[in-house]
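# Descriptive structure summary
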Amino acid sequence: MNKIIILLLIASLALAGCFLKEDKPKKPDSETNSVQQQEIDKLKNEIEALRGNKDSGSNKAPASVKEEVKEEAAPEAPASVKEEVKEEAVLSDLGDFKIIYGETQNPKYAGLNELIKNSSVFENIASFLNLLLKLRQDFPITFKECGFVNAYYTLEGKEIVLCDELLEDFSYNFAYFINTEDELDKAVTDATFFILFHELGHGLIDIYDLTYSGREEDVADQLSTVVLASLGEDGARAAITGANMFYITSSQIDAETYPFWDEHSLNQQRYYNILCWVYGSNPEKYGDFVGVYGLPEERAARCQREYEKMSEFWDVAIYPYLQEEIKKEMNK
Ligand SMILES: [Zn+2]
């Protein structure tokens, strides 16, 4: 198990029960903000020292600090210092993941958003991400009525949108297979977790300008599975619920008109991919995924390596953007 995964596990303990328990007190924003502010101040002081600029009395780092530092350092600073300044400026944490509830026309979606809000489940995930990652600007995660069934990340808004209609669609699809209200709620929440982290994959690729190979949609599925599998059994269950959702909805698409040209893998392939990766994250624990009715042996044989490689990719890719405290823990 690699170091980031261990840290994610530790972080998940801090959020223990975030998936199901609704009364878990959230870490106060002021506390998080003060740690972040200290970090900003520290980095800013280091930047100021490198620039030889002693007259800055402000405690608040301006959003344009990165551009400013790059421009001013370029003319007179030696190349090595310039690189250092750029590096420090990139590492400033100037934003937060924020859960937003958009206005809805439809009262049933307003009620749904109210339920989600009262559970604090997604606010806990945002707090977890804020403890983990630095952002150059706020990163909204918005629940809203869209007028269509979808979830997406926008390059323009740097925002994840989770449509109320998608959650309703999950509920509709899972209701065929699940009998109790509690189980249905859990399945809808779990599938939403998978989609949220999938969209986060698109978001991180964009905001950190990450280089990847293959189809971005697969890479986003990989991030979602890596994060969820690292959060223990609750997370693994959420990933598998996401996989099941792809399997269930695959039967709704006519094989004759299947969009083979699409940027996404086929739903059935996404199902087997996720199954393979969760199994690969801990073959001993998830050994019963393999068999006639689950993951074929032919695929299972290489799932552990597949998982390790994609997990390593994400470790390396996001390392520069981890909070300093997390880096220190990793380097101990
Ligand atoms: Zn996607």
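The structure displayed is predicted, hence computed values, not measured ones. Residue positions are given per chain, counting from 1 as you read along its sequence in written order. In keeping with the model being predicted, local features are shown solely for residues with a pLDDT of at least 70 and side-chain atom pairs are shown and tallied solely at 80 or more, while totals for entire chains, interfaces and linings include all residues.

### Comments concerning the overall build of the protein
To be explicit about the condition: Helical segments are the DSSP runs of H or I of at least four residues, strand segments are the runs of E of at least two, and each set is numbered from the N terminus. Residues with at least 20 neighbouring C-beta atoms inside 10 Å of their own are called buried, those with 12 or fewer are called exposed, and the rest are partly exposed, where every C-beta is derived from the backbone. In this description, a residue-residue contact is defined by the distance between C-beta atoms placed from the backbone, which must lie within 7 Å.
What the protein contains, in helices and strands, is 14 helices and 4 strands. Looking at the protein as a whole, 33% of its 332 residues are labelled buried. Look at the contacts in the protein between residues 6 or more apart in sequence, and 64% of them connect residues 24 or more apart.

### Notes on the pairing of strand β4 (residues 159–163)
Which entries qualify depends on this criterion: A pair of strands is treated as paired once DSSP finds two or more bridges between them.
The element β4 is largely enclosed, with a buried count of 4 among its 5 residues. As paired strands, strand β2 (residues 139–144) and β4 are joined by 4 bridges and run parallel to one another. When the sheet's bridge partners are listed, Lys-144 is paired in β4 with Cys-163. In terms of strand pairing, strand β3 (residues 151–154) meets β4 through 4 bridges, oriented antiparallel. Following the sheet pairing, Tyr-153 is matched in β4 by Ile-160. Hairpin connection of β3 to β4: 4 residues between the antiparallel strands, including Lys-158 at a positive phi of 50°.

### Describing the confidence of the model for the protein
Operational definition: Every residue is assigned a pLDDT by the predictor, reflecting its confidence on a scale from 0 to 100.
Summarising the model, the protein shows a mean pLDDT of 80, and 73% of its residues fall at 70 or more. Throughout residues 9–37 the model reports pLDDT below 50, and contacts reaching past four residues in sequence, or to other chains, amount to 33 contacts. This stretch, residues 39–77, has a pLDDT under 50; its non-local contacts, to residues over four places away or in other chains, come to 40 contacts.

### Remarks on the nonpolar core
Heads up, the condition is: Only buried Ala, Val, Leu, Ile, Met, Phe, Trp, Tyr and Cys residues enter a nonpolar core, and they are joined through C-beta atoms within 7 Å.
Counting 65 residues, the largest nonpolar core has Leu-223, Leu-228, Ala-239, Leu-275 and Val-278 as its most contacted members. No other element matches the 10 residues that helix α8 (residues 181–207) contributes to this core. Once residues within four sequence positions are removed from consideration, Leu-223 is found in contact with Phe-197, Leu-200, Gly-201, Leu-204 and Trp-314.

### A look at helix α7 (residues 164–174)
For clarity, the threshold we go by: Comment: arc refers to directions from the helix axis out to C-beta atoms.
For α7, the full list of buried residues reads Asp-164, Leu-166, Leu-167, Phe-170 and Phe-174. Seen from one end, α7 has its buried residues packed into an arc of 165°, which puts them on one side.

### Digging into unusual backbone geometry
With a phi angle near 60°, Ser-120 is a residue other than glycine that sits in the positive phi range. By secondary structure assignment, the location of Ser-120 is in the loop between α5 (107–119) and α6 (121–132). With a phi close to 50°, Lys-158 is a non-glycine residue in the positive phi region. Structurally, the position occupied by Lys-158 is in the loop between β3 and β4.

### Brief notes about the sheet that holds β3
Worth spelling out the cut-off: Interaxial angle, 0 to 180 degrees, is taken between N-to-C directions of lines fitted to C-alpha atoms, where a helix line uses only the stretch in contact.
The mixed open sheet is built from 4 strands, whose spatial order is β1-β2-β4-β3. Two strands lie at the open edges of the sheet, namely β1 (97–101) and β3, each paired on one side alone. Averaged over all pairs of adjacent strands, the angle between strand axes in this sheet comes to 20°, irrespective of strand direction. Taken together, the 5 bridges between β1 and β2 define a ladder with parallel strand orientation. Bridging across to β2, Phe-97 finds its partner in Phe-139. Running over the sheet, α7 touches β2, β3 and β4 and is turned about 45° from β4.

### Here we look at the packing of α7 against α8
To keep it simple, the criterion reads: Relative orientations are named as follows: roughly parallel for angles under 35 degrees, roughly antiparallel for angles over 145 degrees, roughly perpendicular for angles from 65 to 115 degrees, and oblique for any other angle. Note on convention: the crossing is left-handed when the near helix lies turned anticlockwise from the far helix by less than a right angle, right-handed when the turn is clockwise. Amino acids are sorted into nonpolar (Ala, Val, Leu, Ile, Met, Phe, Trp, Tyr, Cys and Pro), charged (Asp, Glu, Lys and Arg) and polar (every other residue, Gly among them).
With their axes 9 Å apart at the nearest point, α7 and α8 run at an angle of 130° to one another. When the axis of α7 is compared with that of α8, the two are oblique. Judged by the twist between their axes, the crossing of α7 over α8 is right-handed. In this structure, α7 uses Leu-167, Phe-170, Ser-171 and Phe-174 to contact α8, whose residues at the interface are Leu-184, Ala-187, Val-188, Ala-191 and Thr-192. Considered class by class, the residues forming the contact of α7 with α8 number 7 nonpolar, 2 polar and no charged.

### What about the environment of Asn-273?
Position of Asn-273 relative to the elements: it lies in helix α11 (residues 267–281). A residue is classified by how many C-beta atoms lie within 10 Å of it, and Asn-273, with 21 of them, is buried. Residues Asn-273 and Arg-299, spaced 26 residues apart in sequence, show a C-alpha to C-alpha distance of 9.1 Å. In this view, Asn-273 contacts Asp-221 and Ser-265; residues no more than four positions away in its chain are not counted.

### Here's the deal with α5
Note the threshold: For a helix, the expected span equals 1.5 Å multiplied by the residue count minus one.
When the terminal C-alpha atoms of α5 are compared, their 18 Å separation across 13 residues agrees well with the 18 Å that a helix rising 1.5 Å per residue should span. Burial in α5 covers these residues: Tyr-109, Leu-112, Asn-113 and Ile-116. The arc that holds the buried residues of α5, viewed along the axis, is 95°, so those residues lie on one side. Exposed and facing more than 90 degrees away from the buried side of α5 are Pro-107, Gly-111, Glu-114, Leu-115 and Asn-118. For α5, the secondary structure elements touched by its buried residues are β1, α6, β2 and α7. Once α5 ends, the next one or two residues include Ser-120, with phi positive near 60°.

### Some thoughts on the packing of helix α10 (residues 232–250) against α11
Orientation of α10 relative to α11, taken along the N-to-C sense of each, is 160°, at an axis distance of 8 Å. Taken together, the axis directions place α10 and α11 in an arrangement best described as roughly antiparallel. The chirality of how α10 crosses α11 is left-handed. Each of Ala-236, Ala-239, Ile-240, Gly-242, Ala-243, Phe-246, Tyr-247, Thr-249 and Ser-250 in α10 lies in contact with α11, whose residues at this interface are Asn-267, Gln-268, Arg-270, Tyr-271, Ile-274, Leu-275 and Val-278.

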